[in-house]
Amino acid sequence: MVKPPPAPAPGWEAAEARRAPAALRRGAFITLCFGAFFFLPDSSKHKRFDLGLEDVLIPHVDTSKGGKNLGGFLIHGQGHDEHRHREEEERLRNKIRADHEKALEEAKEKLKKSRDEIQAEIQTEKNKVVQELKKKDSKPLPPVPLPNLIGINSGEPADPDIREKRNKIKEMMKHAWDNYRQYGWGHNELKPIARKGHSTNIFGNSQMGATIVDALDTLYIMGLHDEFREGQEWIDKNLDFSVNSEVSVFEVNIRFIGGLLAAYYLSGQEVFKIKAVQLAGKLLPAFNTPTGIPWAMVNLKSGVGRNWGWASAGSSILAEFGTLHMEFVHLSYLTGDPVYYNKVMHIRKLLQKMDRPNGLYPNYLNPRTGRWGQHHTSVGGLGDSFYEYLLKAWLMSDKMDTEARKMYDDAIEAIEKHLIRKSNGGLTFIGEWKNGHLERKMGHLTCFAGGMFALGADGSRDDKAGHYLQLGAEIAHTCHESYDRTTLKLGPEAFKFDGGVEAVAVRQNEKYYILRPEVIETYWYMWRFTHDPKYRQWGWEATQAIDKYCRVSGGFSGVKDVYSSSPTYDDVQQSFFLAETLKYLYLLFSNDDLLPLDNWVFNTEAHPLPVLHLANTTLSGNPAYR
């Protein structure tokens, strides 16, 4: 119980009543007099006003008097046109005196008002400023023709068994959404067991509705249009980026900007485009570093940026600053403003100039010095989506961005040479390079690479399309084994290939499953490119395991130990579960005419963005692409 404050001494009110007006007047008078002085005309514009004046700038009227024209002003030297000089000086002094007296009169008028009246006026002025900022933020964007959008309302399978499985996944999405709607609405994520909102430091301390933004396109694709409209209404009325909150530039880009852009392209609703552009403007200060490599974190209100304390002596992270390209190119396309495109192209140019040990990109780069941090290379966490976005920049450009494709091909060749190995049991895995040593461990996040190799097979060097499709299949098989060798048939966060231990987690803190999508993502890409029925079979196994072991009455939760027959929950329904895991499962059991890969490229959060075909857009006329 909170104790009340001590009672004031007798007669306090009367004494304060006597003191307050005088104190208020003195304080206000001092403030306003200072303000009057502060708002005097800027003397720097007029050089000097002392009697020893050497030069004075005066408005240009006539150049025939021997003065030198300087952009609409004349410089007159001492002794030249003295009479005119003195008149100008006197006029300026009179103006300053008049402004000063006017300010003092306004100050006196203010002092006649009560404290409440003054505070009311201050609040009115604040409200005016806020309204002006809102008008500025919501200025209309230039009309841009939408690319030819194909396959946004398709995909119904003819096979009744496949259709039933797809409907089950849709029901799981509705269960996740409805519980978030009931217990976590407006919060970033849901705690499904505690039945309340949840947030992490990647979203700062604000309720930005991350799950709403992340789930929108999945709702639309699944035909859950009432739920989609609920999300749209919340975004229109409540999504505010002028908050004093420090957020992850990478996470906000892939989840919020990617989610808003995808929702815009799918639905055509302008509010999503406007919000995406507003948010992008809030992220731009993160690029204010000596190298142009952005900070990991930025405060949405102040624009102050910093890096994670654990990241190799203040370094930025490859997967974070390398996973902006897709969204920023679309921002420049939709706004006609090349600033976004230029930011990401600057990053690319800087990386091209740098030496790469063994052709590999280390995970850490210092944004102050432009030097690599510790030499740790991974296709999993810290590195993964950098490589993905090199390939997808090429695909999204209608295969015109050959520079990105070359960087991808070079990187994949180095990865295959130094990181990809076969275990004693014949499983292909991707290890991590740490200071000259290959660690024989693979993360769940790395499992996305099977799909990436398949996606990049067409167009690869030296007619190696078949090789990379096979490599994708081998990675898919290894990652399925990591699921199949657990009690729950759900994959661990990381698994080893040491001695007799293969595709199994060893450490307790690597045995958890937090509803991640990467293995299912690879199943879907492999299905699209091969139509081998095992990928749907594996996807259905994962669906059943998630529904059996992760579903709770209040939504879906991650589990802490996939090798335990009685798992404990982490009590978090991640926003990416709705954005990615359930979307990839739904697409796996849909026909290929739903979001065909010739027309759509998925960002690393599974938000589909259209290919920008030069033939059917104004891309070639956009200054960002010249």
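Within any chain, residue numbers begin from 1 and follow the written order of that chain's sequence. For this predicted model, a pLDDT threshold of at least 70 governs which residues receive local features, and a threshold of 80 or more governs which side-chain atom pairs are given and counted, while totals over whole chains, interfaces and linings are taken from all residues. Values reported for side chains reflect all heavy atoms of the structure, with hydrogen atoms and water molecules removed beforehand.

Engineer: Which parts of the structure should I look at to understand the side chain of R536?
Structural biologist: Here a strand is any run of E in DSSP of at least two residues, a helix any run of H or I of at least four, and the numbering for each starts at the N terminus. Considering the arrangement of structural elements, one finds R536 in helix α17 (residues 533-549). The classification of residues rests on relative accessible area computed with a 1.4 Å probe and restricted to protein chains. Under 20% of the type maximum is buried, over 50% is exposed, and intermediate values are partly exposed. Charge assignment: positive for Lys and Arg, negative for Asp and Glu; neither His nor the chain ends contribute. Only one rule defines a salt bridge in this text: a Lys or Arg side-chain nitrogen within 4 Å of an Asp or Glu carboxyl oxygen. Summary of buried charges: R536 has no salt-bridge partner, and the nearest side chain of opposite charge, D592, is 5.9 Å away. Excluding residues that lie within four positions of it along the chain, R536 makes contacts with I162, W527, L588, F589 and S590. It only takes one pair of heavy atoms within 4.5 Å for two residues to be counted as in contact.

Engineer: Sorry if this is basic, but what is going on with the state of the cysteines here?
Structural biologist: In a disulfide, the sulfur atoms of two cysteines are covalently bonded to one another. The definition used for a disulfide is geometric: two cysteine sulfur atoms within 2.5 Å. In total, this model carries one disulfide according to the counting rule given. Between the sulfur atoms of C447 and its disulfide mate C479 the distance is 2.0 Å. Since a negative S-S torsion denotes a left-handed disulfide, the C447-C479 link at about -95 degrees is left-handed. You can see C447 sitting in the loop between β16 (441-443) and α14 (449-455) and its partner C479 sitting in helix α15 (residues 465-484), a full 32 residues away along the chain.

Engineer: Would you explain the packing of helix α10 (residues 325-335) against helix α11 (residues 339-353) in this entry?
Structural biologist: Contact pair α10 / α11: the axes reach a minimum separation of 7 Å and the direction vectors enclose 150 degrees. Taken together, the axis directions place α10 and α11 in an arrangement best described as roughly antiparallel. Between α10 and α11 the crossing geometry is left-handed. Contacts from H325, F328, V329, L331, S332 and T335 in α10 reach V339, Y340, Y341, V344, M345 and R348 in α11. When residue character is reported, Ala, Val, Leu, Ile, Met, Phe, Trp, Tyr, Cys and Pro are called nonpolar, Asp, Glu, Lys and Arg charged, and the others, Gly included, polar. Counted by class, the contact of α10 with α11 contains eight nonpolar, three polar and one charged residues. In this analysis an axis means a line fitted to C-alpha atoms, helices contributing only their contacting stretch, and an angle means the value between N-to-C directions, from 0 to 180 degrees. Throughout, the term roughly parallel applies to angles under 35 degrees, roughly antiparallel to angles over 145, roughly perpendicular to angles from 65 to 115, and oblique to all others. In a left-handed crossing the near helix is turned counterclockwise from the far helix by less than a right angle, and in a right-handed crossing that turn is clockwise.

Engineer: Would you mind showing me how to read the UniProt feature "binding site: Ca(2+)" (unreviewed entry) in the chain here?
Structural biologist: UniProt positions are given in the numbering used here, feature names are shortened, and annotations may be inferred rather than shown by experiment. The UniProt feature table records "binding site: Ca(2+)" (unreviewed entry) at T604. For T604, the location among the structural elements is in the loop between β21 (600-602) and β22 (608-610). Given the relative accessible area of 15%, T604 is considered buried. What T604 contacts, discounting residues up to four positions off in sequence, is I254, T323, S385, E388, Y389 and E580. Side-chain atoms alone can form a polar contact between residues adjacent in sequence; in general such a contact is a pair of N or O atoms within 3.5 Å, and within protein one must be able to donate a hydrogen while the other accepts it. Of note is the side chain of T604, whose polar atom sits 2.9 Å from the side chain of E388.

Engineer: Can you walk me through the pattern of salt bridges in this structure?
Structural biologist: Following the criterion strictly, the structure yields 36 salt bridges and no others. Between D161 and K165 there is a salt bridge, with the nearest N and O atoms lying 3.3 Å from each other. Of this pair, D161 and K165 both sit in helix α4 (residues 160-183), separated by four residues, roughly a single helical turn. D161 sits in the partly exposed class, given a relative accessible area of 37%. When salt bridges with common partners are traced through the structure, they connect R405, K406, D409, D410, E413 and R461 into a single cluster.

Engineer: Looking at this structure, how should I read unusual backbone geometry?
Structural biologist: The bulk of non-glycine residues show a negative phi, and the bulk of peptide bonds are trans. Not every positive phi belongs to a glycine, and L382 is a case in point at roughly 85 degrees. In this fold, L382 is placed in the loop between β11 (376-377) and α12 (384-396). In this structure, D462 takes a positive phi of about 55 degrees despite not being glycine. You can see D462 is positioned in the loop between α14 and α15. For D462, a relative accessible area of 64% translates into the label exposed.

Engineer: In this structure, what is going on with the packing of helix α16 (residues 518-530) against α17? I would like to understand it.
Structural biologist: Working note: a packed helix pair is described by the angle between its axes plus the distance between those axes. One way to put it is that α16 packs onto α17 with a least axis distance of 8 Å and a crossing angle of 155 degrees. The orientation of α16 with respect to α17, classified from their angle, is roughly antiparallel. Helix-helix and strand crossings are classified by hand; for α16 and α17 the assignment is left-handed. Where α16 approaches α17, its residues I520, Y523, M526, W527 and T530 are matched on the opposing element by P533, Y535, R536, W538, G539, A542 and I546. Grouping the constituent residues of the contact of α16 with α17 by class yields nine nonpolar, two polar and one charged.

Engineer: I would appreciate a short explanation of the UniProt feature "active site" (unreviewed entry) in the chain in the present structure.
Structural biologist: Within this numbering scheme, the UniProt entry marks E251, D384, E493 and E518 as carrying the feature "active site" (unreviewed entry). Mapped onto the elements, E251 comes out in helix α7 (residues 249-267). Take E251: its relative accessible area is 15%, and that puts it in the buried class. Not counting residues up to four positions away in its chain, the partners in contact with E251 are I202 and F256. Positionally, E493 belongs in the loop between α15 and β17 (494-498). Apart from the residues within four sequence positions on either side, E493 is in contact with G443, H444, E510, Y512, I514 and R516.

Engineer: Honestly, the sheet that holds strand β15 (residues 437-439) in this entry has me stumped. Any pointers?
Structural biologist: Pairing between the strands of a sheet is mediated by backbone hydrogen bonds and can be parallel or antiparallel. In this description, strands pair whenever DSSP reports at least two bridges between them. Strand order in the open sheet made by the three strands is β11-β14-β15, with antiparallel pairing throughout. If you trace the sheet from one side to the other, it starts and ends with β11 and β15, each paired once. With three bridges joining them, strand β14 (residues 432-434) and β15 adopt antiparallel strand pairing. Residue pairing across strands places K434 opposite H437, the latter belonging to β15.

Engineer: Teacher, can you tell me more about the nonpolar core here?
Structural biologist: One broad rule of soluble globular proteins: the nonpolar side chains tend to lie buried together. The term nonpolar core refers to a set of buried residues drawn from Ala, Val, Leu, Ile, Met, Phe, Trp, Tyr and Cys, joined through side-chain atoms within 4.5 Å. Core analysis: the biggest nonpolar cluster contains 163 residues, and F453 and L490 have the highest contact counts within it. Ranked by the residues each element gives to this core, the list is headed by α7, at 12 residues. Contact partners of F453, with chain neighbours within four places excluded, come to Y408, I412, I420, I430, Y468, L471, G472 and I475.

Engineer: What is the right way to look at the confidence of the model for the chain in this model?
Structural biologist: Known as pLDDT, the predictor's per-residue confidence is scaled from 0 to 100. Of the residues in the chain, 82% have a pLDDT of 70 or more, and the chain-wide mean is 86. Between residues 615-626, whose pLDDT stays under 50, and residues either more than four places distant or in other chains, the model counts 26 contacts.

Engineer: Looking at this model, I keep getting lost on the sheet that holds strand β8 (residues 305-306). Mind explaining?
Structural biologist: Strand order in this open sheet of three strands is β6-β7-β8, and the pairing throughout is antiparallel. This sheet does not close on itself; its edge strands, each paired only once, are β6 (246-248) and β8. Against the sheet, α7 contacts β6 and β7 (297-299), and its axis sits at roughly 70 degrees relative to β6.

Engineer: What exactly am I supposed to notice about the pairing of β17 here?
Structural biologist: The two faces of the sheet receive side chains in turn, since in a regular strand these alternate between them. Most of β17 sits out of view: four of its five residues are buried. The sheet contact formed by β16 and β17 spans three bridges and is antiparallel. By the bridge assignment, G443 is partnered in β17 with A494. Adjacent in sequence and paired antiparallel, β17 and strand β18 (residues 501-504) are bridged by two residues, among which G499 carries a positive phi angle near 60 degrees.

Engineer: Looking at this structure, how should I read the environment of P610?
Structural biologist: Structurally, P610 can be placed in strand β22. Its relative accessible area of 1% is what places P610 among the buried residues. Separated by 212 residues in the primary sequence, P610 and D398 place their C-alpha atoms 9.8 Å from one another. Leave out the neighbours within four places in its chain, and P610 touches P147, L149, Y265, H330, M396, N599 and W600.

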